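What follows is each chain in one-letter form.
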Amino acid sequence: MTETAAILEAKNLEVKRGGTLVLDVPSVSLRKGEILSLIGPNGAGKTTLLQTLSYLLKPFQGEIFFREKKVGMNHSVLEYRRKLAMVFQEPLLFDTTVFNNVASGLRIRGMEKDEIHTRVTEQLEQFGIKHLKQRSARTLSGGEAQRTSLARAFALQPEILLLDEPFASLDPPTRDSLIEDLEQNLQQTRTTAIFATHDRLEALRLSKRIAVMNGGAILQIGSPEEVMNHPANEFVASFVGIETILSGTVTKKDGGTFVASVSGQEIEAVGDARLGEAVVLCVRPENVTLLTHFSQEGTSARNILPGKIVKIIPLGPYQKVHLDCGVPLVAYVTNHSLEELSLTEGKEVKASFKATAVTVMRKGE
Amino acid sequence: MMDLILEGIKKAFWLLITFDPEVMGITLLSLEVSGIATLISLIIGISVGVTVALSRFFGKRIVVSLINTGMGLPPVVVGLFVTIFLWRNGPLGFLGVLYTPAAMIIAQTVIATPIVMGITLAAIQQLPQKLRLQILALGATRLQMVWILIKEARLPLLAAVMAGFGGVISEVGASIMVGGNIKGYSRVLTTATVMETSRGNFDIAIALGIILLLLAYFINLILTHIQQRERPR
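Nothing here was measured: the structure is a model prediction, and the numbers come from that model.

Asker: Before we move on, could you go through the overall build of chain B and cite the residues and values that matter?
Answerer: Looking only at helices and strands, chain B has 11 helices and 0 strands in total. In chain B, the order of α-helices and β-strands from amino to carboxyl end is α-α-α-α-α-α-α-α-α-α-α. On the principal axes, the C-alpha backbone points of chain B span a range of 70 × 45 × 25 Å. In chain B, which comprises 233 residues, the proportion classed as buried is 41%.

Right, dumping it as structure tokens:
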């Protein structure tokens, strides 16, 4: 098997629940050493996909290939499962000590006592829970319990690690600390992993490939840049955090750029479009700059739309500014800029963004 | 009247402290009969309870109802049916075990098994659904999974066994009906207490009563300990 070949490949996966199709994935693959993130809202099918890939759920239809060999007959399902490890949102620990919990997977495989001891101690160390070795699982905090669950999975040295929203029920500081440790461990061991989350920032942090899911299907799969800057459709756009989504019609065309009319305003974008075509334009809030009458006019931005600030929402280090420029726009502004430009609700400003910052989607894509 | 009772209590302690052979004999037989019945009910009860809890089949609700109803079977009714079965011309009459300890073991097994089954069923069903998935995800075979789940539910299962044992060691109806309360043969704590009390032999009756109370206390101690522990995460 070559380095770039897929370690896991699934085709035509279909899962039904009570007669309805809850998962419909024609194709998905994973390369060795890759970390793939599955993002999507609750009910998108992330858990179903993970459980199907690990054969915990039997698909109604479809095939799974591990290292180019088909998984399916009873005997090889067990063999296949023993090459994987899965971590769930709940720690699901056993009523025994932390040590025994981390060792459980190894014991199931009938490993030698000494080797178990070595591996478990190593993982306890890696996840910073060595001091909890003899503690009963019942007495652990949420973070400690999830660390134990992760240690238990890593101790198996799995070929593929599947994580189903492992940090969703933890508080932010615990979550951050765990993501860091997970990241480190994944990098050190170069484990291939699939990570499901509804938090797109977690996905951005951990992986180089993101799949956006909804309604049981993968809507788009690609690098973070691809997904974030070129969302395949409106749902993906809004899920990955694009705030400004505008529908319009192409009125002018000029080589590699075109102008679309959106609610009477003209917006210039880069791309190929037919005259009269209906398009949906997206602009990320970080790409929208605000100008007041007093700032310089010399800018390379092709789109400068005068308007009024409708609402300002503080988001910690920066503020989200909702504008009405004939079309609704959203911009992110630092606290510093807010003060400098004395931006307040109701103030008249100009919003500017480059033609290259506009993502174009054909209507209905 | 008080004299009678006080005399009885004094003599009871004497019987106990000196390990009176008759009292000890009755106690040992009680433990033997109820012990064996509990053991059999453990084997049948846990295996059926676990199987029903983990399977999905048509009519599962009815089966669960039946088991739960079985938990409340009146012992005298059990005694009646076991007697009918073991009666001379009954279906199992050829075994000739009516009025022997074996018959008591049979009756007590019938009483205890649904109790163990029902509590096991509830205990396994109460384990988080995802725990089964996690165990399978760790690479366990179905058999390993069942074993791990039983270990996880070990405390409620222990409670089931205690409840089964407690139920049969203190029951009197079925034991008298199928055992016959024959001196030195099929006389157990409960049946002997009934007899000695009706004869006014309060000393022996109280001694046996104290032993029964001690057993009940011991069982309860274990059950309380189980109840007070927290659930794992």
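Asker: Quick rundown of the packing of helix α3 (residues 98-108) of chain A against helix α5 (residues 142-155) of chain A? Include the residues and the values.
Answerer: Residues and elements named next belong to chain A. At a closest axis distance of 8 Å, the pairing of α3 and α5 adopts a crossing angle of 30°. Here α3 runs over α5; the crossing is right-handed. Facing V98, N101, V102, S104, G105 and L106 of α3, the residues of α5 in contact are T148, A151, R152 and A155. Of the residues that constitute the contact of α3 with α5, the class distribution is 5 nonpolar, 4 polar and 1 charged.

Asker: Just give me the short version of the interface of chain B and chain A, but keep the residues and values in it.
Answerer: On the chain A side, the residues contacting the 16 residues of chain B number 22 residues. Elements supplying a minimum of two residues to the side of chain B that touches chain A: α6 (129-137) and α7 (142-152) of chain B. Top element by residues in the side of chain B that touches chain A is α6(B). It accounts for 6 residues. Considered class by class, the residues forming the side of chain B that touches chain A number 8 nonpolar, 4 polar and 4 charged.

Asker: Run through unusual backbone geometry, naming residues and quoting values.
Answerer: It is generally the case that most residues other than glycine have a negative phi and that most peptide bonds are trans. All names here are of chain A. One non-glycine residue, R67, lies in the positive phi region at around 50°. Here R67 shows up in the loop between β4 (61-66) and β5 (69-71). With 15 C-beta atoms packed within 10 Å, R67 lands in the partly exposed category. The backbone of S342 sits at a positive phi, close to 45°, despite the residue not being glycine. Along the chain, S342 turns up in the loop between α10 (335-340) and β19 (348-353).

Asker: Lay out the pairing of strand β3 (residues 35-39) of chain A with the relevant residues and their values.
Answerer: Residues and elements named next belong to chain A. For β3, the buried fraction is high: 5 of the 5 residues fall into the buried class. The sheet contact formed by β3 and strand β8 (residues 192-197) spans 5 bridges and is parallel. Bridge pairing in β8 places S37 opposite F195. Here 4 bridges tie β3 to strand β9 (residues 209-214), and the two strands are oriented parallel to one another.

Asker: For the domain arrangement of chain A, give the residues involved together with the corresponding values.
Answerer: Residue and element names in this part refer to chain A. Under the domain assignment used here, chain A contains domain 1 (6-238) and domain 2 (242-362). Each of domain 1 and domain 2 has a C-alpha centre, and the two are 39 Å apart. Each side of the interface is counted separately: domain 1 has 7 residues, and domain 2 has 6 residues. Counting residues per element, the side of domain 1 that touches domain 2 draws most heavily on helix α9 (residues 234-240), which supplies 3 residues.

Asker: Any chance you could break down the packing of helix α8 (residues 154-169) of chain B against helix α11 (residues 202-228) of chain B for me, citing the residues and the numbers?
Answerer: All names here are of chain B. In contact at an axis separation of 10 Å, α8 and α11 are set at 160° when each is read in the N-to-C sense. Relative to α11, the element α8 is oriented roughly antiparallel. The crossing of α8 and α11 is left-handed. Here L155, L158, A159, M162, F165, G166 and I169 of α8 lie close against α11, whose contacting residues are L215, A216, I219, I222, L223 and I226. Among the residues forming the contact of α8 with α11, the class breakdown is 12 nonpolar, 1 polar and no charged.

Asker: Which residues make up the environment of A:E9, and what are the values?
Answerer: Residue and element names in this part refer to chain A. Inspection of the secondary structure puts E9 in strand β1 (residues 6-17). Of the residues examined, E9 has 18 C-beta atoms within 10 Å and is grouped as partly exposed. Sequence separation of E9 and E165 is 156 residues, and the distance between their C-alpha atoms is 22 Å. Sequence-distant contacts of E9, that is, excluding residues within four places in its chain, are made with S29 and F65.

Asker: So, the sheet that holds β4(A): which residues are in play, and what are the values?
Answerer: Residues and elements named next belong to chain A. Read from one edge to the other, the open sheet built from 4 strands follows the order β2-β1-β4-β5, with strand pairing classed as antiparallel. Strand pairing shows two members of the sheet lacking a second neighbour, β2 (20-31) and β5, which therefore form its edges. Geometrically, the sheet is characterised by an average inter-axis angle of 25° between neighbouring strands, direction not taken into account. Sheet topology places β1 next to β4; 5 bridges connect them, and they run antiparallel.

Definitions and limits used
Residues numbered from 1 in each chain as written. Chains lettered and ligands numbered in written order. Predicted model: local features only at pLDDT ≥ 70, side-chain atom pairs only at ≥ 80, totals over all residues. Helix = DSSP H or I, 4+ residues; strand = E, 2+ residues; numbered from the N terminus. Buried ≥ 20, exposed ≤ 12 C-beta atoms within 10 Å, placed from the backbone. Axes fitted to C-alpha atoms, helices over the stretch in contact; angles between N-to-C directions. Left-handed = near helix turned anticlockwise from the far one by under 90°. Contact = placed C-beta atoms within 7 Å. Nonpolar A, V, L, I, M, F, W, Y, C, P; charged D, E, K, R; others polar. Pairing = 2+ DSSP bridges. Domains from an automatic or database assignment. Parallel < 35°, antiparallel > 145°, perpendicular 65-115°, else oblique.

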